[in-house]
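One-letter residues, chain by chain:
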Amino acid sequence: MCGRFVIAGNKADLIDAFEVDEAVEDEIEPSWNVAPTDTVQLVVERLDPETGELTRWLEPARWGLIPSWSKSASVGSRMINARSETLLEKPSFRAAALKRRGIVPADGYYEWRKNDDGTKTPIYLHGPDGGHLGIAGLYEFWRDPATASEEHPKGTWVVSCSIITRPASDALGEIHDRTPVIVPADLRGDWLDPRNDARPAVQELLDAIPDPHLLPRLVGSRVGSVRNNGPDLIDPLPGDVTADAEQQTLL
């Protein structure tokens, strides 16, 4: 967890939902099967050193954090998730945890439940109101040496990010042992604020984020291939008796 998710909203939706001041891209391409190394959307706040004013941005980032000291972008494919228990200690994440926290918007995410017979069942997890989830993340800047030029002798900048996960609650743990850290709307400002840069303060922020209340939906196996995309991937299985409304008491 978390290895695939959905972001189906357009630019205007995300600007409104996350109270964004500025956006980098003209429009956002929706995806119902976001996979590692794909481009995702990232909400961040940056501080003007002269005025002290905070500006909230929506910008693209590569999913899979590339530490600034990395020699290759390939390491990012192994850093799509950061564990909340160790991110303040791990060299790859601790600087970003203090200075570069973000939120990755998502409509929901997929998990694969292991069955007794060894097979796995894909499950789509989403909020009870169908709104956007704000998944806690970290981001980093890295220069790509492969793009070095006379204008950029060290290469151009790449923004990359990781999604933060934590141990799942008892109910969610029946599906998978970990879950993304989802920041509720009333805590997003504190989480994004780069002025909260002391280790005790960041730990306090993590501890204050409650476990998510999510609804599961059994979906088809087509989501297992990154070549498949489209809103049909989150359709409930035909004939599935475990409708969202019936499962609301489970999670």
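Presented here is a report on the structure given in the accompanying data block. Each residue is numbered by its place in its chain's sequence as written, counting from 1. The predicted nature of this model means local features are confined to residues of pLDDT at least 70 and side-chain atom pairs, given and counted, to a pLDDT of 80 or more, with totals for whole chains, interfaces and linings taken over all residues. With hydrogens and water set aside, each side-chain value is computed from the structure's full complement of heavy atoms.

Regarding the environment of Val75
Then, number 1: The numbering of helices and of strands both runs from the N terminus, where a helix is a DSSP run of H or I of at least 4 residues and a strand a run of E of at least 2. Mapped onto the secondary structure, Val75 falls in the loop between β5 (54-63) and β6 (81-83).
Then, number 2: For the pair Val75 and Lys99, spaced 24 residues apart in sequence, the C-alpha separation works out to 21 Å.
Then, number 3: Val75 has contacts with Leu65, Ile66, Pro67 and Ser70, leaving out every residue within four places of it along the chain. Contacts are assigned to residue pairs that have any heavy atoms within 4.5 Å of one another.

A closer look at the pairing of strand β8 (residues 108-114)
Then, number 1: Here a strand pair is declared whenever DSSP counts at least two bridges between the two strands. Bridging between strand β1 (residues 5-7) and β8 involves two bridges; their strand directions are antiparallel. Across the sheet, residue Val6 finds its bridge partner in β8, namely Gly108.
Then, number 2: Sheet topology note: the β8/strand β9 (residues 120-126) ladder contains seven bridges and is antiparallel. Note that in β9 the partner of Tyr109 across the bridge is Leu125.
Then, number 3: A loop of five residues connects β8 with β9, the two strands running antiparallel in sequence, and Gly118 in this loop sits at a positive phi of about 95°.

Quick notes on the sheet that holds β8
Then, number 1: Pairing in this open sheet of five strands is antiparallel, and the strands run β3-β1-β8-β9-β13 from one edge to the other. The outermost strands of the open sheet, each flanked by one partner alone, are β3 (31-34) and β13 (215-218). Within this sheet the neighbouring strands show an average axis-to-axis angle of 30°, counted without direction.
Then, number 2: Where β1 lies against β3, two bridges are found, and the strand directions are antiparallel. Paired with Phe5 across the strands is Val34, a residue of β3. Where helices are involved, their axes are fitted lines through C-alpha atoms of the stretch in contact, as for all axes, and angles between N-to-C directions lie from 0 to 180°.

Section: the nonpolar core
Then, number 1: Nine residue types can take part in a nonpolar core, namely buried Ala, Val, Leu, Ile, Met, Phe, Trp, Tyr and Cys, and a core is a set of them joined through side-chain atoms within 4.5 Å. Throughout, exposure labels follow a simple rule: accessible area from a 1.4 Å probe, protein chains only, divided by the maximum for the residue type, with under 20% read as buried, over 50% as exposed, and the rest as partly exposed. Among the nonpolar cores identified, the biggest contains 55 residues, and Phe5 and Trp191 are the most heavily contacted of them.
Then, number 2: Per-element tally for this core: the top contributor is strand β10 (residues 133-144), with six residues.
Then, number 3: Core analysis: the second largest hydrophobic core is formed by eight residues, Val6, Tyr124, Val223 and Ile234 among them.

Note that all results are geometric; they support no functional claim without further evidence.
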